[in-house]
Amino acid sequence: MTWIEKDRKYIWHPFTQMKTAGPPILIKRASGALIYDEHDNPIIDAVSSWWVNVHGHAHPYIANKIHQQLLTLEHVIFAGFTHPPAIELGERLLSYLPHLSKIFFSDNGSTAVEVGLKMALQYHYNLGREKTTIIAFENAYHGDTFGAMSVGGDDGFNDPFKKLMFDIKRIPTPVPGKESECLSKLDSILEQEDVCCIIFEPLVQGAGGMVMYPPGVLDEIIRKCKEKDVVCIADEVMTGFYRTGKMFAQNHLAETPDITCMSKGLTGGTLPLSLTCCTQKIYDAFLSDDKSKTFFHGHSFTGNPIGCAASLASLDLFEQENTLDNIKRVIESHEKFRKEIEDHPKLENVRQQGTIIAMDFKTSSPTSYFNNIRDRLYDYFMDKNILLRPLGNVVYIMPPYCITDKQLEKVYQAILNALNEID
Ligand SMILES: *Cc1c(COP(=O)(O)O)cnc(C)c1O
């Protein structure tokens, strides 16, 4: 049997209708912004392999640090034990978020969100308060576990589980023109309910279609919430690690969230690891002689040293000047492309936040992930050896920062050609 035949036989792929999906592409190796198929054709990874890769694939510096760590300490139980890579990661990461004091480990974005929600709920519980209402944005995506699904938008993916998901209050995403609607809905919820927390993707809603909104209105939301001791949870799983042009999207804000979740770019895109970081105030509510106030949460691989070593290596690379130069170069390049296509008759809502550029392809059918223009666009780009995964009719580019000008140009050109050739 070929690899692909064996794949058919043994593997169930994520977010994939296995009946109708074509055969997957076998990837044998990768380097920089390129992944190579079995015939060694290079494919430009313009979505950073589901938004995780930041420094390029198979980066030798990160690989070497992982190798060294594997030979030193691969894993150890993290309750009652600790190790230097975890401690150093806490110290270095929190220096980018000086308003936060503690890091708590888990393994992926969804569990980082679960931890954030549980921290917020137990924070109030430990203080003897009955505050359980959770607020989230419409159209949000926070992951695929039950808590994360519950705070996600009502997008049709989770219908089979809906009955068992918990109730939350949703407010409109404060995109330009919707600010006052969002704020007044928030006001009325804050007035009527004992609100525990609010969770949001700061500045860019990723899976919901790269929906962007400015920092000013989020500052106002956070201010209103903090007045009522509503815990503000920033889900930076996608926006972290310079996607928005700064280390974290919240670095664009004047206000400071109480809890921050991060994962995707954390290990440079090499290993699954996530963090939920919180303020001293939240942490303090769990300190007690009463054992029932403990945060009883943990995963087998909590604080995995290899993941920590990869994250530290990724931070090393961010702290080198040429990475920041690359980020600036990608941002400027996107800006130029954005101006070029802004008024294209077949595009709407061309938008950019830092290294992410997105645009809506105009269609006659209603917009959704299930929109089949999505499949035609995906196939069109793949045919040109470019990996772009449109979200419905939303085409976006979110590249590893090491992508070359020439590779970026090829992606832009493919989008321009698609505009002429696909409707
Ligand atoms: C991807 C994502 C998640 C879920 O992360 P996983 O690692 O896929 O579980 C949560 N929140 C946001 C904003 C994301 O983009």
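About the criteria used
- Throughout this description, residue numbers start from 1 for each chain and increase along the sequence as written.
- Under the rules for a predicted model, residues below a pLDDT of 70 receive no local features and side-chain atom pairs below 80 are neither given nor counted, while totals for whole chains, interfaces and linings still include all residues.
- For side-chain calculations, the full set of non-hydrogen atoms in the structure is used, while hydrogens and water are omitted.
- Helix and strand assignments come from DSSP, with helices taken as H or I runs of at least 4 residues and strands as E runs of at least 2, each series counted from the N terminus.
- Within these notes, the globule rule equals 2.2 Å times the number of residues to the 0.38 power, and the radius of gyration is based on C-alpha atoms.
- Any residue under 20% of the maximum accessible area for its type is buried, any over 50% is exposed, and the rest in between are partly exposed; the area is computed with a 1.4 Å probe on protein chains only.
- Two residues qualify as a contact provided that any one of their heavy atoms is within 4.5 Å of a heavy atom in the partner residue.
- In this description, accessible areas are obtained by the Shrake-Rupley approach with a 1.4 Å probe, and a residue is regarded as covered only by the protein chains that are shown.
- A residue counts as positive if it is Lys or Arg and as negative if it is Asp or Glu; His and the chain ends are not included.
- Lysine's charge is taken at NZ, arginine's at CZ, aspartate's at CG and glutamate's at CD.
- Residues belong to one nonpolar core when they are buried, are Ala, Val, Leu, Ile, Met, Phe, Trp, Tyr or Cys, and are joined through side-chain atoms within 4.5 Å.
- Residue ranges for the domains trace back to a domain assignment, done automatically or taken from a database.
- Every definition here rests on a 1 Å grid over the protein atoms only: cavities are sets of points where a 1.4 Å probe fits but cannot get out, pockets are open sets enclosed by protein on both sides within 12 Å along at least five of seven lines, and lining residues have some atom within 4 Å of a point.
- Grid points are joined across faces, edges and corners, and a volume is the space filled by probe spheres set on the points.
- Following the grouping adopted for this structure description, the nonpolar residues are Ala, Val, Leu, Ile, Met, Phe, Trp, Tyr, Cys and Pro, the charged ones are Asp, Glu, Lys and Arg, and the polar ones are all others, Gly among them.
- When DSSP finds two or more bridges between a pair of strands, those strands are recorded as paired.
- Axes, fitted as lines to C-alpha atoms, cover a helix only where it is in contact. Angles between the N-to-C directions of the axes lie from 0 to 180 degrees.
- Whether a residue is near a molecule or strand is decided by its heavy atoms; if any one of them lies within 4 Å of it, the residue is near.
- Here a polar contact is taken to be a pair of N or O atoms separated by no more than 3.5 Å, where protein atoms must pair a possible hydrogen donor with a possible acceptor and residues adjacent in sequence count only if both atoms sit in side chains.
- What a helix should span is 1.5 Å times the count of its residues minus one.

## Some thoughts on the overall build of the chain
Step number 1: For the chain, the count of helices and strands is 13 helices and 16 strands.
Step number 2: The C-alpha radius of gyration computed for the chain amounts to 22 Å, which stays within 12% of the reference 22 Å derived for 423 residues, consistent with globular compactness.
Step number 3: For the C-alpha atoms alone, the extent of the chain along its principal axes is close to 65 × 55 × 45 Å.
Step number 4: Across the 423 residues of the chain, 51% fall into the buried class.
Step number 5: A separation of at least 24 residues holds for 70% of the contacts in the chain among residues at least 6 apart in sequence.
Step number 6: With an accessible surface of roughly 19700 Å², the chain has 53% of that area assigned to carbon and sulfur atoms.
Step number 7: Across the chain, the centroid of the 42 positively charged side chains sits 2 Å from that of the 54 negatively charged ones.

## A closer look at the nonpolar core
Step number 1: Ile198, Met210, Met359, Phe361, Phe381, Leu388 and Ile415 are the most contacted members of the largest nonpolar core, which totals 70 residues.
Step number 2: Considering every element that reaches this core, the biggest residue donor is helix α13 (residues 405–421), with seven residues.
Step number 3: Each of domain 1 (3–59 + 321–421) and domain 2 (63–318) accounts for three or more of the residues forming this core.
Step number 4: Ignoring any residue separated from it by four or fewer positions in sequence, one finds Leu388 in contact with Ala46, Val47, Tyr378, Phe381, Val395, Tyr396, Ile397, Val411 and Ile415.
Step number 5: Leu117, Ile168, Cys196 and Phe286 belong to the second largest nonpolar core, which has 26 residues in total.

## Overview of the layout of surface pockets
Step number 1: Reported here for the second largest pocket is a volume of approximately 620 Å³.
Step number 2: Around the second largest pocket, the lining comprises 22 residues; the ones closest to its centre are Ile103, Phe104, Tyr283, Phe295 and His297.
Step number 3: For the lining of the second largest pocket, the element with the highest residue contribution is strand β4 (residues 102–106), accounting for four residues.
Step number 4: Residue composition of the lining of the second largest pocket, grouped by class: 13 nonpolar, eight polar and one charged.

## Here's the deal with the sheet that holds strand β6 (residues 169–171)
Step number 1: Spatially, the seven strands line up as an open sheet ordered β4-β12-β11-β10-β7-β5-β6, and their pairing is mixed. Whereas interior strands pair on both sides, the edge strands pair on one side only; in this sheet they are β4 and β6. The mean inter-strand angle of the sheet, taken between neighbouring strand axes irrespective of direction, is 20 degrees.
Step number 2: Here strand β7 (residues 195–200) pairs with strand β10 (residues 231–235) via four bridges, running parallel. When the sheet's bridge partners are listed, Ile199 is paired in β10 with Ile233.
Step number 3: Here helix α5 (residues 109–126) sits on the sheet and contacts β4, β5 (133–137), β7, β10, β11 (259–262) and β12 (274–278); the angle it forms with β12, its principal contact strand, is near 25 degrees.
Step number 4: With respect to the sheet, helix α7 (residues 179–192) is in contact with β5, β6 and β7, its orientation differing from that of β6 by roughly 155 degrees.

## Describing the site of the ligand
Step number 1: All residues adjacent to the ligand are Trp51, Asn108, Gly109, Ser110, Tyr141, His142, Gly143, Glu201, Asp235, Val237, Met238 and Lys264.
Step number 2: Asn108 places a polar side-chain atom, nitrogen or oxygen, 3.4 Å from an oxygen atom of the ligand.
Step number 3: Lys264 places a side-chain nitrogen or oxygen 2.6 Å from an oxygen atom of the ligand.
Step number 4: Within the complex, the protein chains bury 84% of what would otherwise be the 380 Å² of accessible surface of the ligand.

## Quick look at the side chain of Glu236
Step number 1: Within the secondary structure, Glu236 sits in the loop between β10 and β11.
Step number 2: Apart from the residues lying within four places of it in its own chain, the contact partners of Glu236 are Pro202, Phe248, Ala249, Gln250, Thr260, Cys261 and Met262.

## Describing helix α8 (residues 215–227)
Step number 1: A rise of 1.5 Å per residue sets the reference length of α8, with its 13 residues, at 18 Å; its end C-alpha atoms lie 18 Å apart and thus fit the reference within 8%.
Step number 2: Here α8 has its buried residues at Val217, Leu218, Asp219, Ile221, Ile222 and Cys225.
Step number 3: On its buried side, α8 packs onto β5, α7, β7 and β10.
Step number 4: Once α8 finishes, Asp229 follows within two positions and takes phi at roughly 50 degrees, a positive value.

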